[in-house]
Amino acid sequence: MAYWLFKSEPAAWSWDQQKAAGVAGTEWTGVRNYLARNNMRAMKIGDRGFFYHSNDGKEIVGIVEVARLAHADSTADNPTWECVDIRAVRDMPTPVTLAAVKANPKLAGMALVTSMRLSVQPVTEAEWAEICRMGGLAETA
């Protein structure tokens, strides 16, 4: 299993909206960055990801799961752009703020710190475990 981070401005698409999408999940649309698109192309069904509120909140608030492999983004005019479908798995018991991530030396190399503008990012297994610990998850969700 691989791990990821999905960034969304809560005014555009919030964690509560993601949870309301239910078990079927929803397309992660609107990504118009080649590296972020390529990250989605690398995803497998069942991969897990952090749901991150950007701009307003700046915190990891939940965990999602990839429910459908990369396919054409229904909001794009150009077939170059693809998306995956994700579904909510669980809330992060204690949201993990960007400030807390930046303050943790174990996370200094995390894409959230080094490539802040990238909307879909890889997360290493060690980063995943550390964020889960910080968020109050005994297991690595």
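Residues numbered from 1 in each chain as written. Predicted model: local features only at pLDDT ≥ 70, side-chain atom pairs only at ≥ 80, totals over all residues. Heavy atoms only, no water.

Visitor: Explain unusual backbone geometry residue by residue, including any values.
Guide: Negative phi characterises most residues that are not glycine, and trans characterises most peptide bonds. Unlike most non-glycine residues, Asn-55 shows phi in positive territory, near 60 degrees. As for its position among the elements, Asn-55 is in the loop between β3 (48-53) and β4 (59-72). With a relative accessible area of 53%, Asn-55 lands in the exposed category. A positive phi angle, close to 45 degrees, is found at Lys-58, a residue other than glycine. One can find Lys-58 in the loop between β3 and β4. (Helix = DSSP H or I, 4+ residues; strand = E, 2+ residues; numbered from the N terminus. Buried < 20%, exposed > 50% of the residue type's maximum accessible area, 1.4 Å probe, protein only.)

Visitor: Outline the sheet that holds strand β5 (residues 82-97), supporting the account with residue identities and numerical values.
Guide: As summarised here, the arrangement of the 6 strands in space is β2-β5-β4-β3-β1-β6, forming an open sheet in which the pairing is mixed. Edge positions in the sheet fall to β2 (26-27) and β6 (120-123), since each has one partner strand and no second. For β2 and β5, the ladder comprises 2 bridges, and the chain directions are antiparallel. Bridging across to β5, Thr-26 finds its partner in Ile-86. (Pairing = 2+ DSSP bridges.)

Visitor: So what about helix α5 (residues 125-134)? Which residues, and what values?
Guide: In an α-helix, one full turn covers 3.6 residues, which means residues spaced three or four apart are oriented alike. Buried within α5 are the following residues: Glu-127, Trp-128, Glu-130, Ile-131, Cys-132 and Met-134. Residues of α5 that are buried make contact with β1 (3-8), β3, β4, β5, α3 (98-103) and β6. (Contact = heavy atoms within 4.5 Å.)

Visitor: So what about the packing of aromatic side chains? Which residues, and what values?
Guide: Within the structure shown, the criterion is met by 6 aromatic pairs. On the basis of an interplanar angle of 20 degrees and a centroid distance of 4.5 Å, the ring pair of Tyr-3 and Trp-128 is categorised as stacked. Pair noted here: Tyr-3 is in strand β1 and Trp-128 is in helix α5, with a separation of 125 residues, a long-range link. Accessibility assignment for this pair places Tyr-3 and Trp-128 in one class, buried. Measuring from centroid to centroid gives 3.9 Å for Phe-50 and Trp-128, while their planes differ by 20 degrees, and the two rings are stacked. One end of the pair, Phe-50, is in strand β3; the other, Trp-128, is in helix α5, and 78 residues separate them in sequence. A connected cluster of aromatic rings, assembled from ring pairs, spans Phe-6, Trp-15, Trp-28 and Phe-51. (Phe/Tyr/Trp six-rings, centres within 6.5 Å; stacked < 30°, edge-to-face > 60°.)

Visitor: So what about the side chain of Gln-121? Which residues, and what values?
Guide: By the secondary structure assignment, Gln-121 is in strand β6. A relative accessible area of 0% means that Gln-121 is categorised as buried. Among the polar contacts made by the side chain of Gln-121, one reaches the main-chain amide nitrogen of Leu-112 at a distance of 3.0 Å. A polar contact of 2.9 Å, which involves the side chain of Gln-121, links it to the backbone oxygen of Leu-118. In contact with Gln-121, other than residues within four places in its own chain, are Tyr-3, Trp-4, Leu-5, Lys-7, Asn-39, Ala-111, Leu-112, Ser-115 and Met-116. (Polar contact = N/O pair within 3.5 Å; in protein donor to acceptor, adjacent residues only side chain to side chain.)

Visitor: Give a description of the pairing of β3 that names residues and reports values.
Guide: Looking along a regular strand, one sees side chains alternate from face to face of the sheet. Of all 6 residues in β3, 6 are buried; the element is thus mostly enclosed. Burial of the side chains of β3 extends over both faces: Arg-48, Phe-50 and Tyr-52 are buried on one face and Gly-49, Phe-51 and His-53 on the other.

Visitor: Describe in detail the nonpolar core, supporting the description with residues and values.
Guide: Leu-5, Phe-50, Ile-60, Met-92, Met-110, Leu-112 and Ile-131 are the most contacted members of the largest nonpolar core, which has 19 residues in total. For this core, the elements supplying multiple residues, two or more each, are β1, β3, β4, β5, α3 and α5. Tallying contributions element by element places α5 first for this core, with 4 residues. In this view, Leu-112 contacts Leu-5, Tyr-52, Ile-60, Leu-98, Val-101 and Gln-121; residues no more than four positions away in its chain are not counted. (Core = buried A, V, L, I, M, F, W, Y, C linked by side-chain atoms within 4.5 Å.)

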